[in-house]
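Here are the chains, one letter per residue:
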Amino acid sequence: MAANNNSDPILDEGGGGGVKHEAVGEAGEGKGGGGGAAATQAPAAMLPRSGSRPQLDLSGAAIHGNLEDRNPTILLPNQSDDISHLALDIGGSLIKLVYFSRHAEHSSEDKRKLSTKRRLGMLNGGRRSYPVLGGRLHFVKFETGKLNECLDFISSKQLHRGGVDSPSWRSGAQPDNIVIKATGGGAFKYADLFKERLGVSLEKEDEMDCLVAGANFLLKSIRHEAFTHMDGQKEYVQIDQNDLFPFLLVNVGSGVSIIKVDGHGKFQRVSGTNVGGGTYWGLGRLMTKCKSFDELLELSQRGDNSTIDMLVGDIYGGLDYSKIGLSASTIASSFGKTISDDKELSDYRPEDISLSLLRMISYNIGQISYLNALRYGLKRIFFGGFFIRGHAYTMDTISFAVNFWSKGEAKAMFLRHEGFLGALGAFMSYEKHGLDDLRIHHLVERFPMGAPYVGGKIHGPPLGDLNEKASTSTLDHGNLNGFISWMEKFVQKGTQITAPVPVGFPVTTGMGGFERPTAKGDILRSDASAALNVGVLHLVPTLDVFPLLEDPKMYEPNTIDLDLNEYKYWFKILSDHLPDLVDKAVASEGGTDDAKRRGDAFAHAFSAHLARLMEEPAAYGKFGLANLLELREECLREFQFVDAYVSIKQRENEASLAVLPDLLMELDSMNEEARLLALIEGVLAANIFDWGSRACIDDFDMFKKRMLADKKGQPYKRALLFVDNSGADVVLGMIPLARELLRNGTEVVLVANSLPALNDVTANELPGIVAEAAKHCGILRKAAEAGGLIFDAMAGIQDDLKDEPVSVPLMVVENGCGSPCIDFRQVSSELAAAAKDADLLILEGMGRSLHTNLNARFKCDTLKLAMVKNQRLAEKLFNGNIYDCICKFEPVHLT
Ligand SMILES: Nc1ncnc2c1ncn2[C@@H]1O[C@H](COP(=O)(O)OP(=O)(O)OP(=O)(O)O)[C@@H](O)[C@H]1O
Ligand SMILES: CC(C)(CO)[C@@H](O)C(=O)NCCC(=O)O
Ligand SMILES: [Mn+2]
């Protein structure tokens, strides 16, 4: 019997311990010739090196050149080069940059994709055209006082000319009329300097317009953007688009602007205060001699303000003034104590001064905001601006004030991209990029490790352009720091990111007045790691919501919430597995010194992410296991590991293909009923599987009934098979199952990853595997030909099937993911198109049907198949055991 032991190295706790797999182990000789699966390896160069969702504007695509070429050139007339790249917000304290970088260009697509797209009606016939180009939005800031660093940065990356990849840069052309959108006072103040230094004109956009546009964009397009912060607890808020307006927007920059927002472009600046971030930093610097804002903020975390502030108790002899609701510990007068003493400034601890200042200003802002909310009857107040700086204590203090004064009526909310509202708004004001059309499912946020070092904050001389990260870069870096030195720097600095985050533990703050909030920690995260709160936004216009999701609004991919305990568990699993993964990754790149160095850096980077998440699980937004596993794959890609499992996958594919003919013969000797069971068992690693006693969910009989009894002669029209691992899993499990469906007249679409993740099979690899399998089987061959997976099967192969009727097609589509899990809110447009006519979904494997989607409901019949290769999960979900199996059939209409 076919077996599936293709153990998933991270999703399997048992590491395959009990899963033995004789057949594959001894196979591989003599068979599977002609290059086998090896010849079908994904042309890795075709994949974008970062960002798991490859994309192109394919509207109007046409083949240019010979159709029979293996990789004909395809013209993409709507793939525009003319895109806006950079917008600035130059404030009184900080300069904020939002810039766009395009994904690596691919000039060709393979035949498989084209023919599938044609078949799915995606070419010509005009599916919607995408005005937006795929790429990434980066967020970077500089101190306004160090404007030169900012200019150097822009210049080194050639952002003002469309980036180092743009044709004008390559050809050395000097367009003389470059215009960059800019907002904030500096757009006026520094316009001449920009012209002088970079030769660009700043096109001024109104600051308030930009703040509102930026906030509206974030609240509309980023899933986990807004959150509350009370008593040290961060909670993401699901914003209902239909119930967003009106709200109060309070931007705490150097000064504070208070804006009532009624809609897109509909707002009024209703107030402001000159006591803001500049006040805290300015006074704090004078009084403490701190050298940086972060140093000042960090001091506050060790402060005791009661040595400086006059408390109610100081005035009332230790008593509360309960009649008006003030407790003895409430601040009666900020800095009030310093009048009565005959002390000098130097007699006070800088820590205490910083805390008093921070509390004074935060409460004041909270109170003024509340009053304005009251004035207009607003319940929600969003706080932005870099004064907040993701600092738990600051947010708690503001929240406390709003909550106290409004008696719980109004809510203070914060934004992850707090400081970039204006810059984003300025970016949005470019007309040609059509960003307004972007929907929530077109955006994927990633948290790369390099950004803080190469872009977030520049220490010393600028590091040159970002491409120096890429060892494959074709640019000549001349005397710029090279890739290696960047990497060395990274390895050294990577550990700093693990510095603890100041998060306090919830303690009641008491009833009367401004008790001291409890969110305090020892060390403030470095500014570089704070940049990790804001990832890089990948714009992927080709992503779609899976059309067969029953209720996309209610859909949650992750089966289990990652609370701190879950994090600890996964932290351990992922950490334990890290050395092995690094070995594999390094080997996959030839084991060179460069690969080793990158392996080291990857390990640092990923460990730092893990540590960061352990400190603050909500740091990157609501983060589930799917995100965690994807983060690891992204991290590998960031360090140029294209496919760590490449040779392992290849070996297992070859071995499995060698035993496939025997398996097919065995299957064909069975009756229909026995065969269906054998096929499902095959998918579930049947050799250790004792049906009946170990199935924790067993709907096989129901599935069998639907397949064999109920609708005999009424086969499913189209089945989407979501495949998982390479090797036995796909070759001896899913392909035979696909063959059975094809035999019954059901079209089959194999859905596989767009990019490698663990040992998952990718959409690029599948056609080759299917072609190999088809050598042993007429059903597969006919279907693969009909589905455009095989083009020259007739040639050279003795064919006894020429006269058989044309088969239903077997197709392959990519799912849009580069992760072992799948989030059905963001799948490839190809998959979305394939889903239109599907009436059966088969989700296979732990990642796609257990860790995610176990509870997902679809609009058509769904079969979820997985072996639970994780003891803890088996107990938690089913009160079961490791190696239990799930065969969950969910028909839409119970028959
Ligand atoms: N690294 C930093 N350096 C300086 N200030 C910082 C830093 N990080 C946070 N801040 C705080 O953020 C404030 C600036 O916030 P922001 O960038 O939103 O305002 P701005 O645009 O410069 O000012 P304005 O809008 O009033 O012109 C500073 O006054 C300070 O309180
Ligand atoms: C002057 C701006 C708008 C510049 O960003 C800002 O610093 C601010 O809103 N200051 C407060 C001014 C006031 O309303 O009192
Ligand atoms: Mn500003």
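The rules behind these values
Residues numbered from 1 in each chain as written. Chains lettered and ligands numbered in written order. Predicted model: local features only at pLDDT ≥ 70, side-chain atom pairs only at ≥ 80, totals over all residues. Heavy atoms only, no water. Domains from an automatic or database assignment. Contact = heavy atoms within 4.5 Å. Buried area = accessible area lost by both parts, 1.4 Å probe. Salt bridge = Lys/Arg side-chain N within 4 Å of Asp/Glu carboxyl O. Polar contact = N/O pair within 3.5 Å; in protein donor to acceptor, adjacent residues only side chain to side chain. Helix = DSSP H or I, 4+ residues; strand = E, 2+ residues; numbered from the N terminus. Near = heavy atom within 4 Å. Areas by Shrake-Rupley, 256 points an atom, 1.4 Å probe, with all protein chains shown as cover. Nonpolar A, V, L, I, M, F, W, Y, C, P; charged D, E, K, R; others polar. Axes fitted to C-alpha atoms, helices over the stretch in contact; angles between N-to-C directions. Parallel < 35°, antiparallel > 145°, perpendicular 65-115°, else oblique. Left-handed = near helix turned anticlockwise from the far one by under 90°. Phe/Tyr/Trp six-rings, centres within 6.5 Å; stacked < 30°, edge-to-face > 60°. Buried < 20%, exposed > 50% of the residue type's maximum accessible area, 1.4 Å probe, protein only. Pairing = 2+ DSSP bridges.

### Brief notes about the domain arrangement of the protein chain
Okay, so step 1: Taken domain by domain, the protein chain holds domain 1 (22–46 + 655–890), domain 2 (62–209 + 426–505 + 519–638) and domain 3 (226–308 + 348–414).
Okay, so step 2: Each partner contributes residues to the interface: domain 1 has 59 residues there, and domain 2 has 46 residues.
Okay, so step 3: Taken together, the two surfaces of domain 1 and domain 2 that pack against each other cover about 4,300 Å², and 59% of this comes from carbon and sulfur.
Okay, so step 4: Summed over the shared surface of domain 1 and domain 2, the result is two salt bridges.
Okay, so step 5: Its salt-bridge partner being Lys876, residue Glu566 comes within 2.6 Å of it at the nearest N-O pair.
Okay, so step 6: Inspection of the domain 1/domain 2 interface yields 17 residue pairs in polar contact (both at pLDDT 80 or more).

### Structural notes on unusual backbone geometry
Okay, so step 1: With an omega dihedral of -10°, the bond running from Phe245 to Pro246 counts as a cis peptide bond.
Okay, so step 2: Assignment of secondary structure puts Pro246 in the loop between strand E9 (233–236) and strand E10 (247–252).
Okay, so step 3: At Tyr883, a residue that is not glycine, the phi angle is positive and equals roughly 75°.
Okay, so step 4: Relative to the helices and strands, Tyr883 resides in the loop between helix H29 (871–878) and strand E27 (884–890).

### Here we look at the site of ligand 1
Okay, so step 1: Inspection of the region around ligand 1 gives 17 residues, with Gly92, Ser93, Lys96, Ser254 and Gly277 positioned closest.
Okay, so step 2: Between ligand 1 and Lys96 there is a distance of 2.7 Å, counted from an oxygen atom to a side-chain nitrogen or oxygen.
Okay, so step 3: Here Gly277 contributes a backbone N or O atom positioned 2.8 Å from an oxygen atom of ligand 1.
Okay, so step 4: Starting from 640 Å² of accessible surface for ligand 1 in isolation, the protein chains cover 91%.
Okay, so step 5: Looking at the shell around ligand 1, the elements that each hand over two or more residues are strand E4 (94–102) and helix H8 (277–288).
Okay, so step 6: Per element, the largest residue contribution to the shell around ligand 1 is three residues, and it comes from H8.
Okay, so step 7: Looking at the shell around ligand 1, its residues break down into six nonpolar, nine polar and two charged.
Okay, so step 8: Each of domain 2 (62–209 + 426–505 + 519–638) and domain 3 (226–308 + 348–414) accounts for three or more of the residues forming the shell around ligand 1.

### Some words on the packing of helix H3 (residues 147–157) against helix H6 (residues 191–198)
Okay, so step 1: With their axes 11 Å apart at the nearest point, H3 and H6 run at an angle of 45° to one another. By the angle between their axes, H3 is oblique relative to H6. In the packing of H3 onto H6, the handedness of the crossing is right-handed. Note on element contacts: H6 touches H3 through Leu193, Phe194, Arg197 and Leu198, opposite Leu147, Asn148, Leu151, Asp152, Ile154 and Ser155.
Okay, so step 2: Taken together, the residues of the contact of H3 with H6 break down into six nonpolar, two polar and two charged.

### Thoughts on the packing of aromatic side chains
Okay, so step 1: Tallying each qualifying case throughout the model produces 26 aromatic pairs.
Okay, so step 2: Consider the rings of Trp281 and Phe293, whose centres lie 6.3 Å apart with planes at 90°: the pair is edge-to-face. Note that Trp281 is positioned in helix H8 and Phe293 in helix H9 (residues 293–300), a separation of 12 residues in sequence.
Okay, so step 3: Note on Trp281: relative accessible area 23%, which makes it partly exposed.
Okay, so step 4: A ring pair is formed by Phe602 and Phe606, whose centres lie 6.1 Å apart and whose planes are at 5°; its orientation type is stacked. Taken together, the positions of Phe602 and Phe606, both in helix H19 (residues 593–615) and four residues apart, correspond to about one turn of that helix.

### Section: the sheet that holds E10
Okay, so step 1: Within the open sheet, the seven strands sit side by side as E9-E8-E16-E15-E10-E11-E12. Their pairing is mixed. Two strands lie at the open edges of the sheet, namely E9 and strand E12 (266–273), each paired on one side alone. Across the sheet, the axes of successive neighbouring strands diverge by a mean angle of 30°, strand direction being ignored.
Okay, so step 2: Of the pairings in the sheet, the one linking strand E11 (residues 256–263) to E12 comprises seven bridges and is antiparallel in character. Following the sheet pairing, Ile258 is matched in E12 by Ser271.

### A word on the site of ligand 2
Okay, so step 1: All residues adjacent to ligand 2 are Glu207, Met208, Gly255, Val256, Ser257, Arg269, Gly272, Thr273 and Asn274.
Okay, so step 2: In this structure, Val256 approaches ligand 2 through a main-chain N or O atom, which is 3.3 Å from an oxygen atom.
Okay, so step 3: In the complex, the protein chains occlude 57% of the 390 Å² of accessible area that ligand 2 would expose alone.
Okay, so step 4: At the level of elements, helix H7 (207–221), E11 and E12 are the ones that each hand at least two residues to the shell around ligand 2.
Okay, so step 5: Element by element, the count of residues in the shell around ligand 2 is highest for E12, at three residues.
Okay, so step 6: Looking at the shell around ligand 2, its residues break down into two nonpolar, five polar and two charged.

### Digging into the environment of Thr116
Okay, so step 1: Locating Thr116 in the fold gives a position in helix H2 (residues 111–119).
Okay, so step 2: Expressed as a C-alpha distance, the spacing of Thr116 and Gly621, which sit 505 residues apart in the sequence, is 36 Å.
Okay, so step 3: Residues contacting Thr116, with those up to four places away along its chain left out, are Met811, Val812, Val813 and Glu830.

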